[in-house]
Amino acid sequence: MTDRVVKTATPIPSADALVHRFAAGRKCPEAWRIGVEHEKIGVRPDTGDAVSYRDIVDLFGALAENEGWDKIVEADRLIALARPPERITLEPGGQLELSGEPVFTLAEVERELKNHLAEIRRRSAPLGMAWLGIGFRPFGKVDDVPWIPKGRYDVMRVALARTGAHAHDMMKRTATVQANLDYGDEADAAEKLRASMGVTSIITALFASSPLADDGDTGYQSYRARAWLDTDPVRCGLLPFAFADGEGLFRAYTEWALDVPLLFLYRDGRYFEAPGFTFRRFLREGYQGEAATIEDWDTHLTTLFPEVRLKHYLEVRGADAGSVPMMLSLPALYKGFLYDADARRATVALTAGWSYADRLTVREVVPRAGLRAPLPSGGTVGDAARELVAIARAGLQ
């Protein structure tokens, strides 16, 4: 059993050092891999009720005892499992997330995913649990889902409740599948960000699988995406600089992140809010005698939720969780249109005529209308989706 608390504290010499950290993610094309993260929603099959934290502790115990996972604790509470390079973590409403190994082929992704799901089924069934591959919990109300006792979530639930009416829905009732993709130099990262953020609403429509909530039909194709629209407009959504010519991507992303308010700080085993502090102010002034560290910055980056997130790789975040074939198709799609230069440029061109206001409008209407949503240039999102799939297929050739 391991404690996940980070005990290092690396000073930040300047904001430039934060910009340069993104450059550390550069890889040559021969080393580009794909990684997949996917979430699933736990239920009691006979009632549809949410599983409890106690249920998940029992499941984690069975996985540790029988499948070779190591337990990870925080403040004496079991919060995750590790079997390097894989990791199983808990979302705020008890959703299980597998963070898989970055690999070169979809066949490797498939083996990992199917092995993981077989383990979860094998150890969940005797405990009376099942897991749904769907973008939003269809059964019960938001207050019927218990919170996971995890320090960062205790602070986030309070902070995000002030920024969006659906923030608790997002935290406790949504599930997604994400793909992680590598980049070469800064220009390559910028083109990939522009391409993937440009088509993120098309991806949302393609993978929409959450029409149900509160035991009924919502009228939406992706109620998960609807929840994200009303979570926190400052740290979520599209990034204008992704579509604008100007300063380098690493500088632009850093400057944006510096001005996003802190969700929390972590010191001495405790998470706490720093009201009114952006990271820029924290870096300049410190907070209650504490100076900003590289570890603080890395944590801050995990509290930013744009449709495409920049780390030492690009994390694409616009899809509902779904069936195994759909979860496997997401990394294939992104690999096809991002890792081939011609396909990447064709993807950028697919939405190049849209203004930023157009992009915001499409993002607003897609959760309800899905593939039927109208495009600013005429036609529907479904028409653009067919073009995108053709581009990706050609790129995979």
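Above this note sits the structure.
Computed from a predicted model, the values in this text were never measured in an experiment. Each chain has its residues counted from 1, running along the sequence as written. Whole-chain, interface and lining totals are the exception, using all residues; otherwise, since this is a predicted model, local features are given only for residues with pLDDT of at least 70 and side-chain atom pairs are given and counted only at 80 or more. Values reported for side chains reflect all heavy atoms of the structure, with hydrogen atoms and water molecules removed beforehand.

Asks: Go over the nonpolar core with me, naming the residues and quoting the values.
Replies: In these notes, a set of buried Ala, Val, Leu, Ile, Met, Phe, Trp, Tyr and Cys residues joined through side-chain atoms within 4.5 Å is what counts as a nonpolar core. Accessibility here uses a 1.4 Å probe with only protein chains present; expressed as a share of the type maximum, an area under 20% marks a residue as buried, one over 50% as exposed, and anything in between as partly exposed. In this structure, Ile203, Phe279 and Phe337 are the most contacted members of the largest nonpolar core, which totals 76 residues. Secondary structure counts use DSSP, requiring at least four H or I residues in a row for a helix and at least two E residues in a row for a strand, with both numbered from the N terminus. With 7 residues, the top contributor of residues to this core is helix H12 (residues 324–338). Residues count as neighbours in contact if any of their non-hydrogen atoms are within 4.5 Å of one another. In this structure phenylalanine 337 touches Ser196, Val199, Ile203, Ala343, Arg344, Thr347, Leu388, Ile391 and Ala392, once residues within four positions along its chain are discounted.

Asks: Could you give an account of the pattern of salt bridges, naming the residues involved and the relevant values?
Replies: Think of a salt bridge as a Lys or Arg side-chain nitrogen and an Asp or Glu carboxyl oxygen that are within 4 Å of each other. Across all of its chains, the model carries 32 salt bridges by this definition. Of the charged contacts, one joins aspartate 214 and arginine 173 as a salt bridge, the two residues approaching to 2.8 Å between their closest N and O atoms. Taken together, the positions of aspartate 214 in the loop between strand S9 (212–213) and strand S10 (216–217) and arginine 173 in helix H5 (residues 167–173) put the pair 41 residues apart, joining distant regions of the chain. Here arginine 280 ties to glutamate 255 by a salt bridge, and the two come within 2.7 Å at their closest N and O atoms. Pair noted here: arginine 280 is in helix H10 (residues 279–285) and glutamate 255 is in helix H9 (residues 249–258), with a separation of 25 residues, a long-range link. Here the salt bridges share partners, and the residues they tie into one network are Asp16, Arg251, Glu255, Asp259 and Arg280.

Asks: Give me the lowdown on H12, citing residues and values where you can.
Replies: A helix is expected to span 1.5 Å multiplied by its residue count minus one. Between its first and last C-alpha, H12 extends 22 Å over 15 residues, near the 21 Å set by a 1.5 Å rise per residue. Regarding H12, the residues found buried are Met327, Leu328, Leu330, Pro331, Ala332, Leu333, Tyr334, Gly336, Phe337 and Leu338.

Asks: Could you give me a rundown of the environment of lysine 71, with the residues and numbers involved?
Replies: On the secondary structure map, lysine 71 appears in strand S3 (residues 70–74). For lysine 71 and alanine 213, which are 142 residues apart along the polypeptide, the C-alpha to C-alpha distance reads 33 Å.

Asks: Quick one: what's the story with the side chain of serine 99, residue by residue and with numbers?
Replies: With respect to the helices and strands, the residue serine 99 is situated in strand S6 (residues 96–99). When residues no more than four places from it in sequence are discounted, the contact partners of serine 99 are Val36, Glu37, Pro85, Glu86 and Arg87.

Asks: Which residues make up the side chain of threonine 200, and what values do they have?
Replies: Within the secondary structure, threonine 200 sits in helix H7 (residues 200–206). Threonine 200 sits in the buried class, given a relative accessible area of 2%. Residues within four places of threonine 200 in sequence aside, it is in contact with Leu238, Glu307 and Gly318.

Asks: Account for the packing of helix H6 (residues 186–198) against helix H13 (residues 341–350), naming residues and giving values.
Replies: Describing two packed helices takes the angle between their axes plus the distance from one axis to the other. Angles shown run from 0 to 180 degrees and are taken between the N-to-C directions of axes, each axis being a line fitted to C-alpha atoms and, for helices, limited to the stretch in contact. Following both chains from N to C, one finds H6 and H13 inclined at 45°, their axes separated by 8 Å at the closest point. Compared by their axis directions, H6 and H13 come out oblique. In this structure, the crossing between H6 and H13 has a hand that is left-handed. Residues Asp188, Glu191, Lys192, Arg194 and Ala195 of H6 pack against Arg344, Arg345, Thr347 and Val348 of H13. Residues are grouped as follows: Ala, Val, Leu, Ile, Met, Phe, Trp, Tyr, Cys and Pro are nonpolar; Asp, Glu, Lys and Arg are charged; all remaining types, including Gly, are polar. Looking at the contact of H6 with H13 residue by residue, the class counts come to 2 nonpolar, 1 polar and 6 charged. Just so you know how the angles are binned, under 35 degrees is roughly parallel, over 145 roughly antiparallel, 65 to 115 roughly perpendicular, and the rest oblique. In a left-handed crossing the near helix is turned counterclockwise from the far helix by less than a right angle, and in a right-handed crossing that turn is clockwise.

Asks: I'd like a rundown of the environment of valine 158, residues and numbers included.
Replies: Within the fold, valine 158 resides in helix H4 (residues 151–161). Taking the C-alpha atoms as reference points, valine 158 and aspartate 214, 56 residues apart in sequence, are found 23 Å from one another.

Treat this as a map of the structure, not an account of what it does.
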